[in-house]
Amino acid sequence: MEAITDSEHTPDGRAHRGVGSVWLRPARAGRSTEAPLTRERIVGAAVALLDEEGLDRLTMRRLAERLGAGATTLYWHVTTKDDVVDLAVDAIFGETPVPDRPTDRPRDDIARLLHDWRRAVLRHPWSAELPSRRRPLLGPNFLAWMEFLQSALLRAGLGEDRLNAATWALYNHVMGATAAQSSLRLSAEEARAGRDYLEGRRERYPTVAAHSYITDDDWDGNFAAGLEYLLDGMGARQGAGRP
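Just so you know, these numbers come straight off a predicted model, no measurement behind them.

J.: What's the story with the packing of helix α1 (residues 39–53) against helix α2 (residues 60–67) in this structure? I'm lost.
T.: α2 packs onto α1 with a crossing angle of 115° between their chain directions and a minimal axis gap of 10 Å. One element, α1, and the other, α2, form an angle in the roughly perpendicular class. Seen along the crossing, α1 lies across α2 with a hand that is right-handed. For the pair formed by α1 and α2, the contact residues are R41, I42, A45, A46, A48, L49, E52 and E53 on the first element and R62, L63, R66 and L67 on the second.

Take a look at the structure:
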């Protein structure tokens, strides 16, 4: 039988109660009778497994096997599969360099951060599949990223009443762009068939047919242009507006 991987149950079948986020529960120390197993090792193995096989193949049993540990030992450190995913996601945010201090060009700071984050997500395509608000992101790497982004938006002149909406717009731009790039795979034959399909319906869809969106694979250019459109619409200025 496969190990329990449901986010609502522990291995003995008891409903998991209390705080849902792994970041809001204290980490448990390892048992002296077990081989050393740390949160860092668990996260590294989980990211490697997810990179190789994707979300659908991640189970607590398979992760324990990769670590060379028993399932009971693994459950001592992480209560659920969702805990593992939360930790792995935060590790990806840790790959995004957050500068020690902002520059006097906040719009450039924002763009650099989001381009770096996009590249990190593309290195781990499974992370683009996660619902953005399945559970709150509260890991230290994510919070450092969020602090830098939101402070840069304020320095760029965005009003505090618009800050969260702007943050979500930028977040969704990164996640939407990376999800599309990670999942969309057209063969040469499919691309040709798509062009022919639209060409045969040009009278009905003249704009779509004329601009061949189905075969446009300039992912970098389109992401950069879309980001500029968003920042323009937000009125994000280049000069520093706040300390």
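Read on, since the account is not over.
J.: Would you explain the UniProt feature "DNA-binding region" (unreviewed entry) in the chain in this entry?
T.: Per the UniProt annotation, the sites labelled "DNA-binding region" (unreviewed entry) are residues 59–78. In residues 59–78, helix accounts for 75% and strand for 0%; the two terminal C-alpha atoms are 12 Å from one another.

J.: How should the pattern of salt bridges be read in this particular structure?
T.: For side chains bearing opposite charge, pairing can occur when the charged atoms are close. Applying the stated criterion across every chain yields a total of 14 salt bridges. When the shortest N-O distance is used, the salt bridge between D116 and R119 registers 2.5 Å. Highlighted residues: D116 and R119, both in helix α5 (residues 106–123), separated by 3 residues, approximately one helical turn. The exposure class assigned to R119 is partly exposed, which follows from its relative accessible area of 42%. In this structure, R202 engages E199 in a salt bridge whose closest nitrogen and oxygen atoms are separated by 2.9 Å.

J.: Mind showing me how you'd approach the packing of helix α4 (residues 81–94) against helix α6 (residues 140–155) here?
T.: For any two helices packed against each other, one specifies the inter-axial angle together with the distance between the axes. For the pair α4 and α6, interaxial distance at closest approach is 7 Å and the crossing angle is 45°. Taken together, the axes of α4 and α6 lie oblique to each other. The hand of the α4/α6 crossing is left-handed. Judged by residue contacts, D90, A91, F93 and G94 of α4 engage P140, N141, F142 and W145 from α6. For the contact of α4 with α6, the residue count by class is 5 nonpolar, 2 polar and 1 charged.

J.: When you look at the environment of A69 in this model, what are you seeing that I'm missing?
T.: Within the fold, A69 resides in the loop between α2 and α3 (71–77). When the C-alpha positions of A69 and P36 are compared, they lie 9.3 Å apart, and in sequence the two are 33 residues distant. The residues touching A69, leaving out its near neighbours within four places in the chain, are L37 and A64.

Conventions used here
- Residues numbered from 1 in each chain as written.
- Predicted model: local features only at pLDDT ≥ 70, side-chain atom pairs only at ≥ 80, totals over all residues.
- Heavy atoms only, no water.
- Axes fitted to C-alpha atoms, helices over the stretch in contact; angles between N-to-C directions.
- Helix = DSSP H or I, 4+ residues; strand = E, 2+ residues; numbered from the N terminus.
- Parallel < 35°, antiparallel > 145°, perpendicular 65-115°, else oblique.
- Left-handed = near helix turned anticlockwise from the far one by under 90°.
- Contact = heavy atoms within 4.5 Å.
- UniProt positions renumbered as here; feature names shortened; annotations may be inferred.
- Salt bridge = Lys/Arg side-chain N within 4 Å of Asp/Glu carboxyl O.
- Buried < 20%, exposed > 50% of the residue type's maximum accessible area, 1.4 Å probe, protein only.
- Nonpolar A, V, L, I, M, F, W, Y, C, P; charged D, E, K, R; others polar.

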